[in-house]
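Single-letter residue listing:
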Amino acid sequence: MVQANALVMAASRKGPLDSVAQMQNKSHKCLVTIDGEIMLVRVINALVDSGHIGTVYVSIEGEEPLRTVPQLAKWLDEGRVRVAKSEGNLADSVLAGVRQMDNPYPFLITTGDNALHTPELIRDFMEQFWRLDGDVALGFTTEDVVSKEIPDSGLAYHRLKDGGHSSCNLYGMRREKALNGVRVFASGGQFGKRHIRILKAFGIMPFILYKLRAVGIHKMATSLGRGVGVSVDIVDLPYAYGPIDVDNPRSFALSERLLQARRKSAAA
């Protein structure tokens, strides 16, 4: 089976001041224990157990935080996990990660706080990714799927003609051209409601289409990609837990509750 690299974004701007890290006095929120297991270990296990991922690179400030966790230290010593030294913002960290990978393409980007991700979810994303040919693939789950199973998810959605959509923090990068999409964000921060930055980055037409909800997510992705010179595929993932990550104590509690329910169901 052809395998991709994975780049797991695990650096933390707030470090030990992050509200989740503070819950357990950790240096990084991805190193907290959730339902009995270190969160970053959960993420890496889901990637590896999917069967589609070879080497896992962790984008973080250095090896030291990872070596505080015996399992992560073991994987580092075995070469199953490698460190890609992070930079000052997310986009620059991705670009730096690519420079530190051996034969980077194709590779999958995800984050170290997606505690609910499963091998099944990763497998579904990657199987669709292999069948597609765009420079970039983005994983999304619809609001309908989430609200039926997890009505208290607290997620925000991109609302388009075909309903609400939330990112699963899964980004497939097929070739070097895909980095054009990353460089849009290299000035740091997120776009949020800064409309002038959206206009400058993607052009007027994608902005109008988004604000008027004039198209569905697939056409929206095509329009956004065209604005930065990349082809973009949307991977539809019917997993209610897919878009939920651990951003704060509330989402930590929700994720732990769902993990506990999952564990009890598997044991039944």
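Criteria and thresholds
- Residues numbered from 1 in each chain as written.
- Predicted model: local features only at pLDDT ≥ 70, side-chain atom pairs only at ≥ 80, totals over all residues.
- Heavy atoms only, no water.
- Phe/Tyr/Trp six-rings, centres within 6.5 Å; stacked < 30°, edge-to-face > 60°.
- Helix = DSSP H or I, 4+ residues; strand = E, 2+ residues; numbered from the N terminus.
- Buried < 20%, exposed > 50% of the residue type's maximum accessible area, 1.4 Å probe, protein only.
- Lys NZ or Arg CZ within 6 Å of the ring centre and 35° of its normal.
- Core = buried A, V, L, I, M, F, W, Y, C linked by side-chain atoms within 4.5 Å.
- Contact = heavy atoms within 4.5 Å.
- 1 Å grid on protein atoms, 1.4 Å probe; cavity = no way out; pocket = protein on both sides within 12 Å on 5 of 7 lines; lining within 4 Å.
- Points joined across faces, edges and corners; volume = space filled by probe spheres on them.
- Nonpolar A, V, L, I, M, F, W, Y, C, P; charged D, E, K, R; others polar.
- Salt bridge = Lys/Arg side-chain N within 4 Å of Asp/Glu carboxyl O.
- Axes fitted to C-alpha atoms, helices over the stretch in contact; angles between N-to-C directions.
- Parallel < 35°, antiparallel > 145°, perpendicular 65-115°, else oblique.
- Left-handed = near helix turned anticlockwise from the far one by under 90°.
- Polar contact = N/O pair within 3.5 Å; in protein donor to acceptor, adjacent residues only side chain to side chain.

**What to know about the packing of aromatic side chains**
What characterises a pair of aromatic rings is the spacing of the ring centres plus the angle enclosed by the ring planes. Per the stated rule, a full pass over the model turns up four aromatic pairs. Ring geometry for Phe125 versus Phe129: centroids 6.4 Å apart, planes at 10°, classification stacked. Of this pair, Phe125 and Phe129 both sit in helix 5 (residues 119-131), separated by four residues, roughly a single helical turn. Like Phe129, Phe125 is buried. By relative accessible area, which is 1% here, Phe129 ends up buried. Among the aromatic residues, those joined into a ring-pair cluster are Phe125, Phe129 and Trp130. Directly above the aromatic system of Phe129 lies the positively charged group of Arg174, at a separation of 4.0 Å from the ring centroid. Residue placement shows Arg262 over the ring face of Tyr241; its charged tip is 4.8 Å from the ring centre.

**A short note on the nonpolar core**
Among the nonpolar cores identified, the biggest contains 51 residues, and Leu40, Leu47, Val56, Val58, Leu72 and Phe125 are the most heavily contacted of them. When contributions to this core are tallied by element, the ones reaching two or more residues are strand 1 (4-9), helix 2 (39-49), strand 4 (53-60), helix 3 (70-78), helix 5, strand 9 (163-173) and helix 11 (249-267). With six residues, helix 2 is the largest single contributor of residues to this core. For Val56, the residues in contact, after removing those within four places along its chain, are Ala6, Val8, Ile44, Leu47, Val48, Arg80, Val81 and Arg82.

**Regarding unusual backbone geometry**
The amide bond that connects Tyr105 to the next residue, Pro106, takes the cis arrangement and shows omega of -10°. As for its position among the elements, Pro106 is in the loop between helix 4 (90-100) and strand 6 (107-111). With a phi close to 50°, Asp35 is a non-glycine residue in the positive phi region. Position of Asp35 among the secondary structure elements: in the loop between strand 2 (33-34) and strand 3 (37-38). The backbone of Arg213 shows a phi angle near 50°, a positive value even though the residue is not glycine. Along the polypeptide, Arg213 turns up in the loop between helix 9 (204-211) and helix 10 (217-228). Residue class for Arg213 comes out partly exposed when judged on its relative accessible area of 47%.

**Description of the layout of surface pockets**
Roughly 160 Å³ of volume is contained in the second largest pocket. Among the secondary structure elements, those contributing two or more residues to the lining of the second largest pocket are helix 2 and helix 11. Counting residues per element, the lining of the second largest pocket draws most heavily on helix 2, which supplies four residues. Of the residues that constitute the lining of the second largest pocket, the class distribution is four nonpolar, three polar and six charged.

**With respect to the pattern of salt bridges**
Side chains that differ in sign of charge can pair as their charged atoms come close. Evaluated as defined, the whole model comprises 13 salt bridges. Between Arg67 and Asp77 there is a salt bridge, and its shortest N-O distance comes to 2.9 Å. Of this pair, Arg67 sits in the loop between strand 4 and helix 3 while Asp77 sits in helix 3, placing them 10 residues apart in sequence. Between Asp102 and Arg82 there is a salt bridge, and its shortest N-O distance comes to 2.7 Å. With Asp102 in the loop between helix 4 and strand 6 and Arg82 in strand 5 (residues 81-85), this residue pair connects regions lying 20 residues apart in the sequence.

**Some details on the packing of helix 2 against helix 5**
Relative placement of two packed helices is described by the angle separating their axes and the distance separating the axes. It is at 8 Å that the axes of helix 2 and helix 5 come closest, and there the two elements cross at 50°. Judged by the angle between their axes, helix 2 and helix 5 are oblique. Considering only the axes of helix 2 and helix 5, their crossing is right-handed. Where helix 2 abuts helix 5, its residues Ala46, Leu47 and Asp49 lie against Pro119, Ile122 and Arg123. Of the residues contributing to the contact of helix 2 with helix 5, the split by class is four nonpolar, no polar and two charged.

**Quick word on helix 4**
If you check which residues of helix 4 are buried, you get Ala91, Ser93, Val94, Leu95, Ala96, Gly97 and Val98. Among the structural elements, strand 1, strand 4, strand 5, strand 6 and helix 7 (179-183) are those in contact with the buried residues of helix 4. Sitting at the amino-terminal end of helix 4 is Asn89, which places a side-chain oxygen 3.1 Å from the backbone nitrogen of Ala91.

**A closer look at the side chain of His28**
Mapped onto the fold, His28 is located in the loop between helix 1 (19-23) and strand 2. Assessed through its relative accessible area of 7%, His28 is described here as buried. Each residue touching His28, except ones within four places of it in the same chain, is listed here: Ala10, Ala11, Ser12, Ala21, Ile60, Glu61 and Pro65.

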